[in-house]
Amino acid sequence: MSEQTVLVEVRNSVGHLTLNRPAGLNALNLDMVRQLRSQLDVWLQDDGIKAVVLRANGEKAFCAGGDIRGLYDSYLAGDGMYMTFFREEYALDQLIHAYPKPVLALMDGFVLGGGMGLAQAASHRVITERVKMGMPETGIGYFPDVGGSYFLPRLEGAIGQYLGVTGTHIRAADALYCGLADHCLGSELIGEFDEALNQLDWSAEPAKDLDQLLNKRASQKIPGSEIKAMRSAIDHHFSQPDMHRIRASLAAEECPAFQDWAERTLAAIDAKSPLAMCVTLELLRQGRELTLADCFALELYLDSQWFADGDIMEGVRALIVDKDKNPHWNPPTLAEVDPARVAAFFAGFEPGQAAERA
């Protein structure tokens, strides 16, 4: 069992899918995506399965994204696997979004990138107090995908732009405040929660059964949200129409309560790929008006261009392969990003047709 990357178990009419690459922070590879999809397809047809629980082994991570190094190697090899991965990963996420049975994502530790794609697709998003959640793609010269173009711009105010552009990791209180999680369950209570699931007397409405169980055992609000404290500043700065003005607005912050945060945010922005941040901002702007399916289609459309024309190969080289932590972004500064180059990535995209073209 320990050699399997996805563990499958059924208890009391609940299908449990456990990501089982703890040494790799449960990062998703193509085999894991296919295992998850296959089992969900089987349970979809099984009337004996009332609900599904997605979880992971180890305390460090639910899922710290996709196997980025594998995608990097695939592009260099010219084998096309990287695009196959994106197509199948996005299809898995879309299946979970539309799954007719409740899907509970039980998240502990890091929930990043591809892990967010799984979690935000689930009907019941349950975190522990140890969670660290985020979409850090711009840090490797990429953009928020796995449906990020759909769920980020639908957060209140400019929170989605802030999280998408900066890649900020948020903790449990922030996840609940932002609407990226529904309940927080103390990590010491996971065993009790599992036992309660094992004993649950299912009715004709499994989603309501899960709601009642969670309402008894988990919190929907906890104090200490940093984003709540910074909310007015986030909305002011990250509602600016482009990255140049976002940066200038942050640099002009004069309120003592927000200056430290503004300085830290500026430092974060200055470390990210300028091109990736500009494309991310446009992606979120367009995603706000698109259906879920079209958001995934647009992300795939960008994927088909990004490894050749974006910054991801340099980001992965610097941060994961050579580990010199000195990426040479192209261009190196926000001031040098040509708006026409950003627009070119989106040119020709037509909702409902991009998936076939990519």
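Residues numbered from 1 in each chain as written. Predicted model: local features only at pLDDT ≥ 70, side-chain atom pairs only at ≥ 80, totals over all residues. Heavy atoms only, no water.

Named according to an unreviewed UniProt entry, the protein is 3-hydroxyisobutyryl-CoA hydrolase originating from Halopseudomonas pertucinogena. The Catalytic activity (unreviewed entry) comment attached to the protein in UniProt states, word for word, "3-hydroxy-2-methylpropanoyl-CoA + H2O = 3-hydroxy-2-methylpropanoate + CoA + H(+)". (UniProt positions renumbered as here; feature names shortened; annotations may be inferred.)

Focus: the overall build of the protein
The secondary structure content of the protein amounts to 17 helices and 9 strands. Taken against the 2.2 N^0.38 rule, which gives 21 Å for 358 residues, the C-alpha radius of gyration of the protein at 20 Å falls within 12% of a compact globule. Taken along the three principal axes of its C-alpha coordinates, the protein extends 60 × 50 × 40 Å. Out of the 358 residues belonging to the protein, those deemed buried represent 56%. (Helix = DSSP H or I, 4+ residues; strand = E, 2+ residues; numbered from the N terminus. Rg over C-alpha atoms; globule rule 2.2 N^0.38 Å. Buried < 20%, exposed > 50% of the residue type's maximum accessible area, 1.4 Å probe, protein only.)

Quick notes on helix H16 (residues 339-346)
The periodicity of an α-helix, 3.6 residues per turn, causes residues three or four places apart in sequence to face the same way. Residues Val342, Phe345 and Phe346 constitute the buried set of H16. One side of H16 carries all its buried residues, which in axial view fall inside an arc of 100°. Buried residues in H16 make contact with helix H13 (274-287) and helix H14 (292-309). For H16, the N-terminal cap is Asp338; the gap from its side-chain oxygen to the backbone nitrogen of Ala340 is 3.0 Å. Phi for Gly348, located one or two positions after H16, is positive at around 90°. (Arc of directions from axis to C-beta. Contact = heavy atoms within 4.5 Å. Polar contact = N/O pair within 3.5 Å; in protein donor to acceptor, adjacent residues only side chain to side chain.)

Some words on the sheet that holds strand S6 (residues 110-112)
The strand order across the open sheet built from 3 strands is S4-S6-S8, with neighbouring strands paired in parallel fashion. Both edges of this open sheet fall to strand S4 (61-64) and strand S8 (132-134), since each of them pairs with a single strand only. Pairwise comparison of adjacent strand axes, ignoring direction, gives a mean angle of 15° for this sheet. Here S6 runs beside S8; their pairing, made up of 3 bridges, is parallel. (Pairing = 2+ DSSP bridges. Axes fitted to C-alpha atoms, helices over the stretch in contact; angles between N-to-C directions.)

Considering the layout of surface pockets
Approximately 600 Å³ is the volume attributed to the largest pocket. Residue lining of the largest pocket: 26 residues in total, with Ala64, Gly66, Ile68, Pro136 and Ile140 positioned closest to the centre. Going through the elements one at a time, helix H2 (68-77), helix H3 (81-98) and helix H15 (312-321) are the ones with two or more residues in the lining of the largest pocket. Of the residues that constitute the lining of the largest pocket, the class distribution is 14 nonpolar, 7 polar and 5 charged. As a volume, the second largest pocket reaches approximately 380 Å³. Around the second largest pocket sit 19 residues that line it, and Pro241, Asp242, Cys278, Leu281 and Glu282 are the ones nearest its centre. Looking at the lining of the second largest pocket, the elements that each hand over two or more residues are helix H11 (243-251), H13 and H16. Ranked by residue count, the leading element in the lining of the second largest pocket is H13, at 5 residues. (1 Å grid on protein atoms, 1.4 Å probe; cavity = no way out; pocket = protein on both sides within 12 Å on 5 of 7 lines; lining within 4 Å. Points joined across faces, edges and corners; volume = space filled by probe spheres on them. Nonpolar A, V, L, I, M, F, W, Y, C, P; charged D, E, K, R; others polar.)

Describing the UniProt feature "domain: Enoyl-CoA hydratase/isomerase" (unreviewed entry) in the protein
UniProt's entry tags residues 14-346 with the feature "domain: Enoyl-CoA hydratase/isomerase" (unreviewed entry), counted in the numbering of this structure. A distance of 42 Å separates the end C-alpha atoms of residues 14-346, which is 54% helix and 10% strand.

Let's talk about the pattern of salt bridges
With the rule as written, the count across this model stands at 19 salt bridges. With its nearest N and O atoms 2.7 Å apart, the salt bridge here joins Asp194 to Arg55. In this pair, Asp194 sits in helix H8 (residues 190-199) while Arg55 sits in strand S3 (residues 51-56), placing the two residues 139 residues apart along the sequence. In this pair, the class of Asp194 matches that of Arg55, namely buried. Between Arg317 and Glu314 there is a salt bridge, with its nearest N and O atoms 2.8 Å apart. Highlighted residues: Arg317 and Glu314, both in helix H15, separated by 3 residues, approximately one helical turn. Residues joined by salt bridges that share partners form a network here, namely Glu9, Arg11, Arg55 and Asp194. (Salt bridge = Lys/Arg side-chain N within 4 Å of Asp/Glu carboxyl O.)

Details of empty space enclosed by the protein
Counting across every chain of the model gives 1 cavity of 30 Å³ or more. Surrounding the largest cavity, Met116, Met133, Gly134, Met135, Leu152, Leu163, Ile170 and Leu180 form its lining. Taken together, the residues that form the lining of the largest cavity break down as 7 nonpolar, 1 polar and no charged.

Concerning the confidence of the model for the protein
For the protein, the average pLDDT comes to 96, and 98% of its residues sit at 70 or higher. Throughout residues 354-358 the model reports pLDDT below 50, and contacts reaching past four residues in sequence, or to other chains, amount to 12 contacts. (pLDDT = per-residue confidence, 0-100.)

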